[in-house]
Amino acid sequence: MVTVSDTQVTWLTQDAFDRLKNELDKLIEDRPVIAARINDSREEGDLKENGGYHAAREEQGQAEARIRHLQELLRSAKVGEAPANDGTAEPGKVLTVRYDGDDEDEKFLLATREEGAEGALDVYSPESPLGRALLGAKEGESREYDLPNGKKQKVKLVKAVPYDA
């Protein structure tokens, strides 16, 4: 599972592509079921006080938004292999880092939330301040990034290994 937004291209492993495609197919398949629920609820009477109707419309809106998101994601997707195990921080890798002044390491997946959705690891986007700071870092290298409060945070890349779902 490797994802990186690079000029609107999303890199995915075959497994990740298949998982997202199956989710999209299921959502599209369920469209008539939601539409039928809306129609059934509409026939119950006054729409202003019809909770079932409003809930079904909300569900339809969320499903349609997810369908559009997945269609866009998959349209721009490139299917490829996981990154090399070369100790460099890049999308699709599990990074172990140590923050300056901390005694414990933190481990997370550098990828989009789509990719890390099923895993136990926290997911940091390559576009986040921490993700941008670490991109291209080698094991043992320290980098610095800006915190929301305006201060700087120093972080050391302890280990970088390919994500294995």
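Use the structure listed above.
Calculation rules
- Residues numbered from 1 in each chain as written.
- Predicted model: local features only at pLDDT ≥ 70, side-chain atom pairs only at ≥ 80, totals over all residues.
- Heavy atoms only, no water.
- Core = buried A, V, L, I, M, F, W, Y, C linked by side-chain atoms within 4.5 Å.
- Buried < 20%, exposed > 50% of the residue type's maximum accessible area, 1.4 Å probe, protein only.
- Helix = DSSP H or I, 4+ residues; strand = E, 2+ residues; numbered from the N terminus.
- Contact = heavy atoms within 4.5 Å.
- Expected span 1.5 Å × (residues − 1).
- Polar contact = N/O pair within 3.5 Å; in protein donor to acceptor, adjacent residues only side chain to side chain.
- Pairing = 2+ DSSP bridges.
- Axes fitted to C-alpha atoms, helices over the stretch in contact; angles between N-to-C directions.

### A few points about the nonpolar core
Next, step 1: Counting 15 residues, the largest nonpolar core has Leu12, Leu20, Leu24, Leu27, Ile38, Leu70 and Leu74 as its most contacted members.
Next, step 2: Mapped onto this core, the elements with two or more residues apiece are helix H1 (14-29), helix H2 (31-42) and helix H3 (51-75).
Next, step 3: Here leucine 27 is in contact with Ala63, Arg66, Ile67 and Leu70, once residues within four sequence places are set aside.
Next, step 4: Counting 14 residues, the second largest nonpolar core, distinct from the first, contains Leu95, Val97, Tyr99 and Phe108.

### Structural notes on H3
Next, step 1: End to end, H3 covers 36 Å across 25 residues, agreeing with the expected 36 Å (1.5 Å per residue, within 8%).
Next, step 2: Where H3 is concerned, the buried positions are Tyr53, Ala56, Ala63, Ile67, Leu70, Leu73 and Leu74.
Next, step 3: One side-chain oxygen at the N-terminal end of H3 lies 3.3 Å from the backbone nitrogen of glycine 52; it belongs to asparagine 50.

### What to know about the pairing of strand S5 (residues 106-110)
Next, step 1: Bridge analysis of strand S4 (residues 93-99) against S5 gives five bridges, and the strand direction is antiparallel. From the neighbouring strand, valine 94 faces S5, where its bridge partner is leucine 109.

### Quick look at H2
Next, step 1: Taking 1.5 Å of rise per residue, the twelve residues of H2 would be expected to cover 16 Å, and the 17 Å separating its terminal C-alpha atoms lies within 8% of that figure.
Next, step 2: In the core, the buried residues of H2 are packed alongside H3.

### Let's talk about the sheet that holds S5
Next, step 1: One open sheet holds the five strands; their spatial order is S6-S5-S4-S8-S7, and the pairing between them is mixed. At either end of the open sheet lies a strand with only one pairing partner, and these are strand S6 (122-124) and strand S7 (142-146). Averaged over neighbouring strand pairs, the angle between their axes works out to 45° when direction is ignored.
Next, step 2: Looking at chain direction, S5 and S6 are connected through three bridges and run parallel. Within the sheet, the bridge partner assigned to leucine 110 lies in S6 and is tyrosine 124.

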